[in-house]
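# A structural walkthrough
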Amino acid sequence: MANAALGLGLEARAEARDARRANVSTVSVWALSFAGIGTAACIIALIATIVLNGLPAMSWEFLSSPPAEGMRAGGIWPMIRGSLLLMAGTLVIALPFGILGGICLAEYAGDNRLTRLMRACVVSLAGTPSIIYGLFGLAIFVLMMELKVSLLAGCLTLAIMALPVIVLTTEQAVRAVPETFVEAGLALGLSRWQTIWRLVLPNALPGIITGLVLASGRAAGEAPPIL
């Protein structure tokens with residue numbers, strides 16, 4: 001009888017514990033759902049406000065003409081053209097170096113003090129304020145290399161700023177590919193680079209594109225380096 005009572009008591013405590021866990025899980029799901037819906041609603045409301053208030057002012061003349069009267073009239077075409085050219089030049093410079101750097105850290109560098117130091121430096125550069133990159137670009141590209149105030153100087157400055165983000169996201173995307181893919185490629189007679197090019201990179205492409213979007217957004221939205 002004592003054992004039976006003890007067993008019933010343990011079972012009752014287990015059921016009470018499971019019930020509490022189920023309640024906590026339900027409350028957590030509702031809280032996260034409410035937070036997600038609230039965030040999405042705020043973003044949609046912000047976009048809708050911008051569109052509704054800005055749409056009446058949009059016209060082909062506004063998009064295709066330069067500013068006039070001290071930017072109190074005219075359009076925004078030079079700003080659009082400059083932003084597109086700046087981002088295109090930045091990605092052309094930063095993308096190959098960033099992807100190759102991420103592949104090198106993930107596949108070739110190994111795990112040693114030098115690699116850890118390099119990774120720490122890249123992480124530090126990714127968190128460096130954008131104004132520091134602007135001062136670096138002014139000192140090196142504008143003054144020392146005598147590129148003056150030009151599109152090339154801006155592209156080089158933003159490329160250096162976007163490079164750490166691309167390197168880190170590429171490294172994480174490559175590391176996320178299962179090691180069995182590499183082993184299978186090597187077993188089939190492919191070289192290390194062929195395995196990376198044909199098997200690893202296609203599977204890591206979504207992560208690399210995510211890093212590209214993040215780097216592009218940061219470079220496009222940072223005015224201090226250009227100023």
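This section reports on the structure supplied with the text. (Residues numbered from 1 in each chain as written. Predicted model: local features only at pLDDT ≥ 70, side-chain atom pairs only at ≥ 80, totals over all residues. Heavy atoms only, no water.)

### With respect to the overall build of the chain
Tallying secondary structure elements over the chain gives eight helices and two strands in all. Along the chain direction, N to C, the helices and strands of the chain fall in the order α-α-β-β-α-α-α-α-α-α. For 227 residues, the compact-globule formula gives about 17 Å, and the C-alpha radius of gyration of the chain, at 27 Å, lies well above that figure. Taken along the three principal axes of its C-alpha coordinates, the chain extends 95 × 55 × 35 Å. Evaluated residue by residue, the chain yields a buried proportion of 25% over its 227 residues. (Helix = DSSP H or I, 4+ residues; strand = E, 2+ residues; numbered from the N terminus. Rg over C-alpha atoms; globule rule 2.2 N^0.38 Å. Buried < 20%, exposed > 50% of the residue type's maximum accessible area, 1.4 Å probe, protein only.)

### Quick notes on the packing of helix α3 (residues 77-108) against helix α8 (residues 192-221)
Relative orientation of the contacting elements α3 and α8 amounts to 135°, with a least axis distance of 9 Å. With respect to α8, the element α3 is oriented oblique. When the axes of α3 and α8 are compared, the crossing they make is right-handed. Contacts from Met-87, Thr-90, Leu-91, Leu-95, Ile-99, Ile-103, Glu-107 and Tyr-108 in α3 reach Arg-192, Trp-193, Ile-196, Val-200, Leu-201, Ile-208, Leu-212, Ser-216, Ala-219 and Ala-220 in α8. (Axes fitted to C-alpha atoms, helices over the stretch in contact; angles between N-to-C directions. Parallel < 35°, antiparallel > 145°, perpendicular 65-115°, else oblique. Left-handed = near helix turned anticlockwise from the far one by under 90°. Contact = heavy atoms within 4.5 Å.)

### A word on unusual backbone geometry
Glycine aside, residues mostly have negative phi, and peptide bonds are mostly found in the trans state. Located in the positive-phi region is Glu-146, a residue other than glycine, with phi close to 60°. Given the relative accessible area of 62%, Glu-146 is considered exposed. With phi around 60°, Lys-148 is a residue other than glycine that occupies positive phi space. Here Lys-148 is to be found in the loop between α5 (130-144) and α6 (151-176). With relative accessibility at 61%, the residue Lys-148 sits in the exposed group.

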